[in-house]
Amino acid sequence: MNEKLYLEDEENLGTQVDENYEQVYCRPDTLTDIPFHYCPGCGHSVVHRVLMEVIAELGIQEETIGIAPVGCSVFAYNYMNIDMQEAAHGRASAVATGVKRVLPDKYVFSYQGDGDLAAIGTAETIHTVNRGENILMLFINNGIYGMTGGQMAPTSLIGQVTSTSPYGRDAAQVGSPIKIADMLCLLPGAYYVTRQIVHNPGGVRKLKKALIKAFEYQKQKKGTCFVEVVSNCPSGWKMTPVETIKYIEEQMLPMYPLGDLKVPKN
Amino acid sequence: MENKEKKSGEARLMKGNEALAEAAIRADIDAYFGYPITPQSEVIEYLTREVPIRKEIKTVVLQAESEVASINMVYGAAGAGARVMTSSSSPGISLMQEGLSYIASAQLPCLVANVVRGGPGLGTIQPSQGDYFQATKGGGHGDYHLIVLAPASVQEMADFVFDGFKLAEKYRNPVMILSDGALGQMMEKVILPEEGSLPKTSAPWATTGKTKNREHNVITSLFIQPEEMEQVNLRLQEKYEAIQSEVRYEEIQTEDAEILLVAFGLSSRICQKTVDLAREKGIKVGLFRPITVYPYPYARLKELSNQVEFMLTVEMNAGQMVEDVRLAVEGKVPVHFIGRMGGMILSPEDILHKLESVHESQNTVNV
Ligand SMILES: Cc1ncc(C[n+]2csc(CCOP(=O)(O)OP(=O)(O)O)c2C)c(N)n1
Ligand code: SF4
C-alpha cells in the first residue's frame, strides 16, 4: 500500500502511520463520499454501511442494482455507489421484480422501512415473496414513520406513543403490531427469513453474515431472502440514541425476537 | 412521425387485443407486466399462451397482483433499459396513474395500452371514450404528459405498438395507446408488422450495474430542492414542446368540406359513414381524425376553421375532446358536440341527424 495512512481515532486523529502498515479497514468504495443525512444514532446509517461493505467484500458492486424506498432512506441512492432506482412508497419490491426479471443474472435488493413495506406496500411485499423473486428484501423495522414525523406504523408496539397514537397504540382501535417476517415465512417463495439488529457490534457482525448469505442464495436462484433489521429512530421515538438501545432490548425484542425464522433446507 | 414499419405481408383475422399482443411480440418487447380486466384480458392471455411455445422469444410475461404492481414492474424494467409494456382498461389505468407519474418524471420509455370501458367507477365493460381527459391531461399528479395515440382499427392496434415504442424511446416518455372495448374485441383483417423491424436503442442511463468507467446510474423522480425540481420541470416542458412536432391526424374529404366532423378512435369510424350519408344528400361534410390526441393537432384544426361553417365533435363521452377543438378554433366557428356515454355507441344516422339540425339552426340564425 503506497497511500499515506492516518489514524482516525479521537486521540491520535491525523497521525500519520508508518507506511509499512497495511490498511485492513476503510470506507468501502461502494459508499459515495456524500455524508449521510440521518439523525445521530439512527439505524439506517449502520445498515447502509454494512450492506455496502458486504457488496464491496463480495465484489459485486458492478452487478448489483438497488431499489430505494420512500421514507427516511429515500436518498439511499446518493450514498450507495451502485446503480439504483427510486420507487414510489410501498412499491419497491414490484420495481425490484421488474428489474430482476429483465436482468436475472444481476443481484437485486430492495430497501424499505416498515411503513413502506408493511403498510402501503403490503400487497407488493406478500406477492413478491410468494413468487419467490430472487431478490434480497431488506426491511428496516423501526416501529415508526420516521420521515413524516413519527406517526404510528403497522409495527408500532401496543401502547407506543406516536404523533398519531398520542394516547398509545390501542389494539382495539388500530390492530396489533404486524410481524411481517413471520407471516412471510408461510410462503413457499420465502427461502431465507431472518431478523437482526444493528445497535451493538455483535448484532452488526451477525447482520453482515446474514446479508452475505442472502446474496449467495440469490446467486443460486432459490427464492426470496428477507432480512429484517430491528432498528431505532431516536427522533421519532423522542429518545437519545442511548435510550433507544434500552428500548429496543426491553420493548422491541420481546415482540420481534432475533434470529433466523426460516432457513434453507439442505 | 417516421415512416411506417415493414409489414409481414401476411394477413390475419384477429381481435384488436390479439393484434396488439402479437405486435408486441414482433416489436421484440423484453417484458410485459399486466393484470386481467375486461375488455382487454386477451392481451395477457395471448402473451401467456404464445410466448412460452415460441422458443425464439425471450420475453418476460408476468401476471402481477394488481395494476399498481404491474406499472411499478414496468417502471423497474424500463429503468433497467428494457423495452416493456403493460395494458389495462379504465379502472386499472386509474390505479396505474401513480406509477405513470413516476415514470414520466424519471423519463423512462414504456408503452401502456388502455382499452377504455364505460365509467366512472366500476362502470361497464362496454366501449367508451370517457378516459380522454385522464389520458391527455395528465391523469396522475404533477406537470407531465403521456404521448397518446388513438387507433381506429385493428390494424392500428398493431401498428401503434411499433409507433408507440419508437416515440417512447425517442423521447424517453411513456406512450399510451388509447383504444376502447370495441376496438379491443372486434375482429378485422390485419397485416402484422415484421419481426425484427424495430431495432433496440441504447440506454446508457439504465441501471444495469455500475461499470468501472462510469458513475452509478440513478433512476429517480425525487428532486427535493425546489430550484432543481423547477429545472426538471422546465426540461420536461421543453420535451413536450419538441413532442408537438409529432402531431398526426387523418383527413377525409376535407378539401371542399363546409362542415367538419371531428372524432378520434372508434367514433371516427362511425363518422366515416356519416360523411358518406351526408354527401349522398349533397351536404359537404368532411372528417378530421386526430391520431395523436397528445400532442393535439391544434394548428391544422385552426386552419380548417377558415373554411367550414361549423364543427361537430363526436365522442363516446360527455364531451371531453370538444374542449380541445374549441381551444384550436379560438371561437372562430361554432363547435358543437354529440356524444353517448356508459358504453352506448352513436349510429351514423344519430350523427347525421344532429349535423342537419345544427346546420338548419345555424342557417336560421344567419337569415
Ligand atoms: C403515496 C404516498 N403516501 C404517503 C407518503 C408520505 N410518506 C413518506 S415516508 C412515509 C413513512 C415512512 O415510514 P417508514 O417506511 O417506516 O420509513 P422510515 O422513515 O421510518 O425509515 C410516508 C407515510 C408518500 N410519500 N407517498
Ligand atoms: S427520523 Fe428516525 S429513521 Fe429518520 S433519520 Fe431520524 S432517526 Fe433515522
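Please read all numbers here as calculations on a predicted model, not as lab measurements.

The rules behind the values
- Residues numbered from 1 in each chain as written.
- Chains lettered and ligands numbered in written order.
- Predicted model: local features only at pLDDT ≥ 70, side-chain atom pairs only at ≥ 80, totals over all residues.
- Heavy atoms only, no water.
- Buried < 20%, exposed > 50% of the residue type's maximum accessible area, 1.4 Å probe, protein only.
- Helix = DSSP H or I, 4+ residues; strand = E, 2+ residues; numbered from the N terminus.
- Pairing = 2+ DSSP bridges.
- Near = heavy atom within 4 Å.
- Nonpolar A, V, L, I, M, F, W, Y, C, P; charged D, E, K, R; others polar.
- Core = buried A, V, L, I, M, F, W, Y, C linked by side-chain atoms within 4.5 Å.
- Contact = heavy atoms within 4.5 Å.
- Axes fitted to C-alpha atoms, helices over the stretch in contact; angles between N-to-C directions.
- Right-handed = clockwise from strand over helix to strand, strands pointing away.
- Polar contact = N/O pair within 3.5 Å; in protein donor to acceptor, adjacent residues only side chain to side chain.
- Areas by Shrake-Rupley, 256 points an atom, 1.4 Å probe, with all protein chains shown as cover.
- Buried area = accessible area lost by both parts, 1.4 Å probe.
- Salt bridge = Lys/Arg side-chain N within 4 Å of Asp/Glu carboxyl O.

Peer 1: For this particular structure, what's the right way to read the pairing of strand S6 (residues 136-141) of chain A?
Peer 2: Here is the key point about a regular strand: its side chains alternate between the two faces of the sheet. All names here are of chain A. Across the six residues of S6, six count as buried, placing the element largely inside the fold. Burial along S6 is two-sided: the residues Leu-136, Leu-138 and Ile-140 and Met-137, Phe-139 and Asn-141 are all buried. Here S6 pairs with strand S10 (residues 224-230) via six bridges, running parallel. Counterpart to Ile-140 in the pairing with S10 is Val-229.

Peer 1: I keep staring at the site of ligand 2 and nothing clicks. Help me out?
Peer 2: Every residue close to ligand 2 is listed here: A:Tyr38, A:Cys39, A:Cys42, A:His44, A:Cys72, A:Asn142, A:Gly146, A:Cys233, A:Pro234 and A:Ser235. Looking at side-chain class alone, the shell around ligand 2 contains six nonpolar, four polar and no charged residues.

Peer 1: Explanation requested: the nonpolar core in the structure shown.
Peer 2: In globular proteins that are soluble, nonpolar side chains generally tend to be buried together. Formed by 120 residues in total, the largest nonpolar core has its most connected members in A:Phe226, B:Phe33, B:Val161, B:Val262, B:Leu301 and B:Met311. Looking at which element gives the most residues to this core, the answer is helix H6 (residues 154-171) of chain B, with nine residues. Beyond its immediate sequence surroundings of up to four residues, A:Phe226 is in contact with A:Leu117, A:Met137, A:Phe139, A:Ile180, A:Ala181, A:Leu184, A:Tyr192, A:Val193 and A:Thr194.

Peer 1: I would appreciate a short explanation of the sheet that holds strand S15 (residues 335-339) of chain B in the present structure.
Peer 2: Sheets are built from strands that pair by backbone hydrogen bonding, the pairs being arranged parallel or antiparallel. Residues and elements named next belong to chain B. Taken together, the five strands give an open sheet; going across it, the order is S10-S12-S11-S14-S15, and neighbouring strands pair in mixed fashion. Strands with a single pairing partner mark the edges of an open sheet, and in this sheet they are strand S10 (249-252) and S15. Looking at each pair of strands side by side, their axes are set apart by 20° on average, direction ignored. Across the sheet, helix H11 (residues 321-329) lies against strand S11 (259-262), strand S12 (285-290), strand S14 (310-315) and S15, angled at about 160° from S14, the strand it touches most.

Peer 1: How do you make sense of the pairing of strand S3 (residues 60-63) of chain B when you look at a structure like this?
Peer 2: Residues and elements named next belong to chain B. Only one face of S3 is covered, namely the one carrying Val-60 and Leu-62; the face carrying Val-61 and Gln-63 has none of its residues buried. Where strand S2 (residues 31-34) meets S3, four bridges bridge the pair, whose relative direction is parallel. Within S3, the position partnered with Phe-33 by the bridge is Leu-62. Handedness of the crossover joining S2 and S3 through helix H2 (residues 41-53) is recorded here as right-handed.

Peer 1: Can you help me understand the site of ligand 1 in this one?
Peer 2: Residue and element names in this part refer to chain A. Near ligand 1 there are 16 residues, and of these His-44, Cys-72, Asp-114, Gly-115 and Gly-146 occur at the shortest range. Between ligand 1 and the protein, one listed contact pairs an oxygen atom with a backbone N or O atom of Asp-116 at 2.9 Å. Within the backbone of Met-147, an N or O atom sits 2.9 Å from an oxygen atom of ligand 1. When isolated, ligand 1 has an accessible area of 590 Å², and the protein chains bury 77% of it. If you list the elements that add at least two residues to the shell around ligand 1, you get helix H4 (114-120) and strand S7 (144-145). A per-element tally of the shell around ligand 1 places H4 first, with four residues. For the shell around ligand 1, a count of residues per class yields six nonpolar, eight polar and two charged.

Peer 1: It is not clear to me how the interface of chain A and chain B should be interpreted in this structure. Could you clarify?
Peer 2: Quoted interface sizes are often the accessible area lost when the parts come together. Across the contact, 33 residues belong to chain A and 33 residues belong to chain B. A buried area of about 2,600 Å², summed over both sides, lies between chain A and chain B, and 60% of it is on carbon and sulfur atoms. Among the residues chain A hides against chain B, the three largest losses belong to A:Glu62, A:Asp83 and A:Gln85. Together they make up 23% of the total. There are four salt bridges connecting chain A and chain B. Where B:Lys212 meets A:Glu62, a salt bridge forms, and the shortest distance between an N and an O atom there is 2.8 Å. For the pair chain A and chain B, the number of links is 18 residue pairs in polar contact (both at pLDDT 80 or more). Within the residue set of the side of chain A that touches chain B, elements represented by two or more residues are strand S3 (64-68), strand S4 (83-86), helix H3 (92-102) and helix H5 (122-130) of chain A. When its residues are assigned to classes, the side of chain A that touches chain B shows 15 nonpolar, nine polar and nine charged.

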